[in-house]
Amino acid sequence: MNWIPHILYEDNHYIAISKPFGYTVQPEGEDQKAIIPLLQDFIGKRDKKPGKAFIGVLHRLDKSVTGVLILSKTSKGQERFNELLKNKKVTKYYLALTERSNIPQEGTLIHYFSRRNEDYKMTVSTSRHSHSDHEAILKYHILSIIDDYQLWAIELITGRRHQIRGQLAAIGSPILGDKRYGSHSVQDQIALHCSFMSFKHPIKHIPIEVKDTPDMNKIIWKSYKLAVLEWMRSL
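Keep in mind that what you see is a predicted model, and the values were worked out from it rather than measured. (Residues numbered from 1 in each chain as written. Predicted model: local features only at pLDDT ≥ 70, side-chain atom pairs only at ≥ 80, totals over all residues. Heavy atoms only, no water.)

### Here's the deal with the nonpolar core
Within soluble globular proteins, side chains that are nonpolar generally end up buried alongside one another. For the record, the criterion: For our purposes a nonpolar core is just a set of buried Ala, Val, Leu, Ile, Met, Phe, Trp, Tyr and Cys residues, chained together by side-chain atoms within 4.5 Å. Accessible area is worked out with a 1.4 Å probe on protein chains only. A residue is then buried under 20% of its type maximum, exposed over 50%, and partly exposed in between. We call two residues in contact whenever any of their non-hydrogen atoms come within 4.5 Å of each other.
Ranked by size, the top nonpolar core spans 60 residues in total, and within it Ile154 and Ile164 carry the most contacts. In contact with isoleucine 154, not counting residues within four places along its chain, are Lys92, Tyr93, Tyr94, Ala96, Leu138, Lys139, Tyr140, Ile164 and Leu168.

### Structural notes on the pattern of salt bridges
Any two side chains of opposite charge can pair if their charged atoms end up close together. Note the threshold: Note on definitions: salt bridges are taken to be side-chain nitrogens of Lys or Arg within 4 Å of carboxyl oxygens of Asp or Glu. Helix numbers and strand numbers start at the N terminus; a helix is a DSSP run of H or I with at least 4 residues, a strand a run of E with at least 2.
Per the stated rule, a full pass over the model turns up seven salt bridges. Two residues, glutamate 10 and lysine 73, come together in a salt bridge whose shortest N-O distance is 2.8 Å. Of the two residues, glutamate 10 sits in strand S1 (residues 7-10) while lysine 73 sits in the loop between strand S4 (66-72) and helix H2 (75-86), which places them 63 residues apart along the sequence. On the basis of relative accessibility, which here comes to 26%, the residue glutamate 10 falls in the partly exposed class.

### A look at helix H5 (residues 225-234)
Convention followed: Regarding the arc, it is the one traced by the directions from the helix axis to the C-beta atoms.
Residues Ala227, Val228, Trp231 and Met232 constitute the buried set of H5. For H5, the arc enclosing every buried residue in end-on projection is 130°, short of the 170-degree limit, so these residues lie on one face. Opposite its buried face, H5 presents the exposed residues Leu226, Glu230, Arg233 and Ser234, each directed more than 90 degrees away. At its buried positions, H5 is contacted by strand S5 (91-99), strand S8 (134-146), strand S9 (149-156), strand S10 (192-200) and strand S11 (207-211).

### Focus on the packing of aromatic side chains
Spelled out, the test is: Each Phe, Tyr or Trp ring, with Trp reduced to its six-membered ring, pairs with another whose centre is within 6.5 Å; inter-plane angles below 30 degrees give stacked pairs, above 60 give edge-to-face pairs, and intermediate values give tilted ones.
By the definition in use, this model includes seven aromatic pairs. Each ring, one from tryptophan 3 and one from tyrosine 23, has its centre 6.1 Å from the other, and the planes form 35°; the classification is tilted. Residue tryptophan 3 is located in the segment before S1, and its partner tyrosine 23 is located in the loop between strand S2 (14-19) and helix H1 (35-46); the two are separated by 20 residues in the primary sequence. Accessibility expressed as a relative area gives 11% for tryptophan 3, which makes it buried. Ring centres 5.9 Å apart and planes at 55° place the aromatic pair tyrosine 93 and phenylalanine 196 in the tilted group. Within this pair, whereas tyrosine 93 is found in strand S5, its partner phenylalanine 196 is found in strand S10, the two being separated by 103 residues in sequence. Residue tyrosine 93 is classed as partly exposed on the basis of its relative accessible area, which comes to 22%. Linked through ring pairs, Tyr14, Phe81 and Phe199 together constitute an aromatic cluster.

### As for the side chain of threonine 98
Formally: By the criterion applied in these results, polar contacts are pairs of N or O atoms within 3.5 Å in which, for protein atoms, one can donate a hydrogen and the other can accept it, and in which residues neighboring in sequence qualify only through two side-chain atoms.
Within the secondary structure, threonine 98 is located in strand S5. Threonine 98 sits in the buried class, given a relative accessible area of 0%. There is a polar contact of 2.7 Å between the side chain of threonine 98 and the side chain of tryptophan 152. When near neighbours in sequence (up to four residues on either side) are disregarded, threonine 98 contacts Asp148, Tyr149, Gln150, Trp152, Leu168, Ser173, Pro174, Ile175 and Leu176.

### So, the environment of proline 207
In this structure, proline 207 sits in strand S11. Sequence separation between proline 207 and valine 68 is 139 residues, and the spatial gap between their C-alpha atoms is 16 Å. Once residues lying within four places of it in the same chain are set aside, the contact partners of proline 207 are Phe199 and Lys200.

### Examining the environment of leucine 95
On the secondary structure map, leucine 95 appears in strand S5. Ignoring any residue separated from it by four or fewer positions in sequence, one finds leucine 95 in contact with Leu143, Leu151, Trp152, Ala153, Ala191, Leu192, His193, Ser195, Pro214, Trp221, Val228 and Trp231.

### So, helix H3 (residues 163-170)
For H3, a buried count of six out of eight residues is recorded, marking the element as mostly surrounded by other parts of the structure. The set of residues buried in H3 consists of Gln163, Ile164, Arg165, Gly166, Gln167 and Leu168. Against S5, strand S6 (106-115), strand S7 (122-125), S8, S9 and S10 lie the buried residues of H3.

### Observations concerning the pairing of S11
Our working rule: If DSSP finds at least two bridges between two strands, the strands pair.
Only one face of S11 is covered, namely the one carrying Ile208 and Val210; the face carrying Pro207, Glu209 and Lys211 has none of its residues buried. One ladder, built from five bridges, connects S10 with S11; its direction is antiparallel. Looking at the pairing, serine 198 lines up with glutamate 209 of S11. Here S10 folds back onto S11, and the loop between the two strands holds six residues, one of which, histidine 205, carries a positive phi near 60°.

Below is the structure:
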């Protein structure tokens with residue numbers, strides 16, 4: 001597969017790409033559209049590296065989610081970045097589209113997540129039922145409402161599996177196209193995009209900001225182009 005990544009940032013220790021729709025981060029079964037092996041192959045050929053290039057996972061985006069994906073190119077970089085994540089020193093913002101709902105323009109959502117036995121879906125509750133439940137927190141701001149739909153800017157405070165998808169669905173606002181969490185809209189992808197990540201480089205000790213705008217040519221985002229671009233400029 002002759003794959004060329006859209007690189008947003010790169011140095012000796014990290015590479016940030018714009019993750020496309022339909023790609024897993026790591027291989028799942030015989031899935032050929034997985035970022036890690038494709039990026040290893042790309043960097044190996046580009047940099048003429050002997051053997052397989054090191055690419056370490058730092059965070060994940062679901063197969064149906066697009067946007068900023070940061071990966072490590074060294075084990076030292078991976079270890080240091082994991083410490084940043086552990087200490088909540090990485091800022092992450094997402095954009096999402098949902099059906100219009102009766103919710104304050106901005107606020108904080110707090111839920112508790114647990115994993116269903118054999119189902120690739122999280123159970124979301126407003127209270128903790130067992131010690132194994134994980135607290136999930138996000139902050140949001142409704143940027144724009146057009147007809148029956150609304151655009152969200154979301155700051156992810158914790159990093160749970162399917163967190164944004166599950167929390168928005170739990171308040172009656174499933175993300176457009178996200179059939180797993182109750183959306184009835186007909187879309188070719190779900191309307192969730194990681195648009196911004198920032199952190200203090202744990203090795204160079206300089207601030208790093210990585211931005212990625214959703215594909216405004218996609219019908220799912222097109223009506224919100226002005227609101228998206230204005231918000232992106234404000235970051």
